[in-house]
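Summary of the model geometry
Residues per chain, in single letters:
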Amino acid sequence: MLHTLNLYQKPKRGNKFLGRYRIHQYVHSISAVGGYDTASCNILLRSRDEAFQFLESHIGNRVAIFAEDPTRPIWEGFINRMTFNLGKLAYTISLDEMFNSLFATYTDEYTTPGTPAIANTAIAPQLTSQNIYGFKQGAIDLGIQKVASNKPNALRDTVINIRGWPQASLRQEGDGVSVSLELLGFYHTLKWQLYTSNAGTVTNCFNFITTFILPIVNNGSTFFSITDFAEITNNTTSVPRGDPGGKTLWDALRGTQEAGDTTGEPYVIGVTPTDPNTGGRRLYYRPANFAIDYKARSSDGMIFRNRYGKPIPPWLVQPDRVLRVTDALVEYGLPGDDPRDTYLNLIEYDAERQVVTAQGFDDTTMEGVLNLRNNRPLMYGKPFSGRIRFVSA
């Protein structure tokens, strides 16, 4: 199956279509929490000069991936990293280490001796970078400062002078000439801004999202609408507004989502695909979907089928629904979860092999084993999770 990539402007600059490219070695992941998550591919370019121009000009640009239907993308997001393999040299450029808004934070033990306090420097912006790529914030933690000095401001200014733009590096490796892309979904931009609040009050989940999170997104509606609440469910579970810092906007939203509602119903949150009618995206926050929408049989290689038995192309399989294996444990009737049913928390698609891999709540990927997909619930007794905490009565 031929896969193509549509290239558009950087979202901060507009949405103009720039070109269509054939791609290979394409893989993507879609998560129930987040939506379009990650993707990667190699892109076919006509010459080394075109490859250099692509590398120089298109980091941070919006992309959409298409398979058989040229009107319906199977994944979309932005270019987060590009690697140009040129013989034995690999040159890479990425947004990962770029921060165009930066401050330093430290524990002040000199202003009031014996009473440590958290202190932050003023924010240093790189406005030209923000106007191209969008607002991407970082903070440097200096630890404990026992004497007054200008080190925090100096370090802040030095770091943003270096990291205010996409960062590049070289590797002495590679074989042949190619350009590889690593893509991220738009919900990842919520990790680009820190969230801090000293409010000592609570509010419900709906108000927390619509009144206290979305209106403060410094990127505004660049990547998705911050004023369209059509897919945000009115969950009245109360949550605290205050947070001392150290978290991103995405962390704050995940903390709200993971609480579910007062009946124990799980919720999902993320950014929708682009609406073909309006061209816009919005935040979704809703109960998880536990309907059995997919079926499969172990006897035919676990081909995903809809509820009527029709095969589903692997590139169209979506998370946030249940897959039932219909020819295993047919007479199962024991207490607990039905092992024939798996809630699809994460979908991974490999175009070269035409294979879909599904992960449930028991996530066997490296991110799942390291507990990187969770936010607050650190389960004691699991590796890479909650630390032992001593509590006195």
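From N to C terminus, the chain includes six helices and 24 strands. Within the span of the chain, comprising 393 residues, buried residues form 46% of the whole. Considering only intrachain contacts with a sequence separation of at least 6, the fraction spanning at least 24 residues in the chain is 65%. Working note: accessible area of the chain is about 20,400 Å², and carbon and sulfur atoms make up 52% of it.

All right, on to the sheet that holds strand 22 (residues 341-343) then. Each strand in a sheet pairs with its neighbour through backbone hydrogen bonds, running either in the same direction (parallel) or in the opposite one (antiparallel). The four strands lie next to each other as 20-19-21-22, forming an open sheet whose pairing is mixed. Looking at the sheet topology across the chains shown, the edges are occupied by strand 20 (305-306) and strand 22. When strand 21 (residues 322-325) meets strand 22, the two strands line up antiparallel, connected through three bridges. The residue of strand 22 that forms the bridge with Leu323 is Thr342.

Applying the stated criterion across every chain, the model contains 15 aromatic pairs. When the centroid spacing of 4.9 Å and the interplanar angle of 40 degrees are considered together, the rings of Tyr267 and Tyr285 count as tilted. Residue Tyr267 is found in strand 17 (residues 267-271), and its partner Tyr285 is found in strand 18 (residues 283-287); the two are separated by 18 residues along the sequence. Exposure class is identical for Tyr267 and Tyr285. Each is buried. Over the ring of Phe99 we find Lys136, and its NZ or CZ is 4.5 Å from the ring centre. Above the face of the Tyr284 ring, Arg286 is positioned so that its terminal group lies 4.3 Å from the ring centre.

With that settled, the discussion passes to the side chain of Asp108. Within the secondary structure layout, Asp108 lies in strand 7 (residues 101-108). Engagement of the side chain of Asp108 in a polar contact is seen with the backbone nitrogen of Tyr110, the distance being 2.8 Å. A polar atom in the side chain of Asp108 sits 2.5 Å from the side chain of Thr111. Setting aside residues no more than four positions away along its own chain, Asp108 makes contact with Thr115, Pro116, Ala117, Ala119 and Gln145.

This next bit is on the nonpolar core. Ranked by internal contacts, the top residues of the largest apolar core, which has 76 residues, are Leu5, Tyr26, Trp75, Ile79, Leu181 and Leu283. With five residues, strand 5 (residues 75-86) is the single largest residue contributor to this core. By size, the runner-up hydrophobic cluster in this structure holds 10 residues, among which are Leu102, Ala119, Ala124 and Leu142.

For the rest of this paragraph, the subject is the pattern of salt bridges. This model, assessed by the stated rule, comprises 16 salt bridges. In this structure, Asp320 engages Arg286 in a salt bridge whose closest nitrogen and oxygen atoms are separated by 3.6 Å. With Asp320 in the loop between strand 20 and strand 21 and Arg286 in strand 18, this residue pair connects regions lying 34 residues apart in the sequence. According to the relative accessible area criterion, Arg286 is partly exposed, its value standing at 28%. Note that Arg307 and Asp293 form a salt bridge whose closest N and O atoms lie 2.2 Å from each other. One end of the pair, Arg307, is in the loop between strand 20 and strand 21; the other, Asp293, is in strand 19 (residues 292-296), and 14 residues separate them in sequence. Residue class for Arg307 comes out partly exposed when judged on its relative accessible area of 43%. The structure contains a network of salt bridges with shared partners spanning Asp228, Glu231, Arg282, Arg286 and Asp320.

Bringing helix 1 (residues 48-57) into the picture now. Every buried residue of helix 1 is listed here: Glu50, Ala51, Phe54 and Leu55. Seen from one end, helix 1 has its buried residues packed into an arc of 135 degrees, which puts them on one side. Opposite its buried face, helix 1 presents the exposed residues Asp49, Gln53 and Glu56, each directed more than 90 degrees away.

Here we come to the confidence of the model for the chain. Of the residues in the chain, 87% have a pLDDT of 70 or more, and the chain-wide mean is 87. Segment residues 388-393: pLDDT under 50, and one contact once partners within four positions in sequence are set aside and those in other chains are kept.

Looking now at the packing of helix 4 (residues 205-213) against helix 5 (residues 249-258). Packed helix pairs are characterised by how far apart their axes lie and by the angle those axes make with each other. At a closest axis distance of 10 Å, the pairing of helix 4 and helix 5 adopts a crossing angle of 165 degrees. Overall, the two elements helix 4 and helix 5 adopt an arrangement that is roughly antiparallel. Crossing geometry of helix 4 relative to helix 5 is assigned as left-handed. Within the contact between the two elements, helix 4 uses Cys205, Phe208, Ile209 and Ile213 and helix 5 uses Leu249, Ala252, Leu253 and Thr256. In terms of residue class, the contact of helix 4 with helix 5 is made up of seven nonpolar, one polar and no charged.

Among the structural elements, Phe54 can be located in helix 1. Look at Phe54 and you get buried, because its relative accessible area is 2%. When the C-alpha positions of Phe54 and Phe84 are compared, they lie 9.6 Å apart, and in sequence the two are 30 residues distant. With residues near it in sequence (within four places) discarded, Phe54 still touches Leu7, Tyr21, Ile43, Leu45, Ile79, Met82 and Leu181.

Here the phi dihedral of Gln25 falls at roughly 55 degrees; this positive angle occurs in a residue that is not glycine. Using a relative accessible area of 44% as the deciding quantity, one classes Gln25 as partly exposed. Its identity as a non-glycine residue notwithstanding, Gln354 has a phi of 55 degrees, on the positive side. Relative to the helices and strands, Gln354 resides in the loop between strand 23 (346-350) and strand 24 (355-359).

Thresholds, definitions, all that
- Residues numbered from 1 in each chain as written.
- Predicted model: local features only at pLDDT ≥ 70, side-chain atom pairs only at ≥ 80, totals over all residues.
- Heavy atoms only, no water.
- Helix = DSSP H or I, 4+ residues; strand = E, 2+ residues; numbered from the N terminus.
- Buried < 20%, exposed > 50% of the residue type's maximum accessible area, 1.4 Å probe, protein only.
- Contact = heavy atoms within 4.5 Å.
- Areas by Shrake-Rupley, 256 points an atom, 1.4 Å probe, with all protein chains shown as cover.
- Pairing = 2+ DSSP bridges.
- Phe/Tyr/Trp six-rings, centres within 6.5 Å; stacked < 30°, edge-to-face > 60°.
- Lys NZ or Arg CZ within 6 Å of the ring centre and 35° of its normal.
- Polar contact = N/O pair within 3.5 Å; in protein donor to acceptor, adjacent residues only side chain to side chain.
- Core = buried A, V, L, I, M, F, W, Y, C linked by side-chain atoms within 4.5 Å.
- Salt bridge = Lys/Arg side-chain N within 4 Å of Asp/Glu carboxyl O.
- Arc of directions from axis to C-beta.
- pLDDT = per-residue confidence, 0-100.
- Axes fitted to C-alpha atoms, helices over the stretch in contact; angles between N-to-C directions.
- Parallel < 35°, antiparallel > 145°, perpendicular 65-115°, else oblique.
- Left-handed = near helix turned anticlockwise from the far one by under 90°.
- Nonpolar A, V, L, I, M, F, W, Y, C, P; charged D, E, K, R; others polar.

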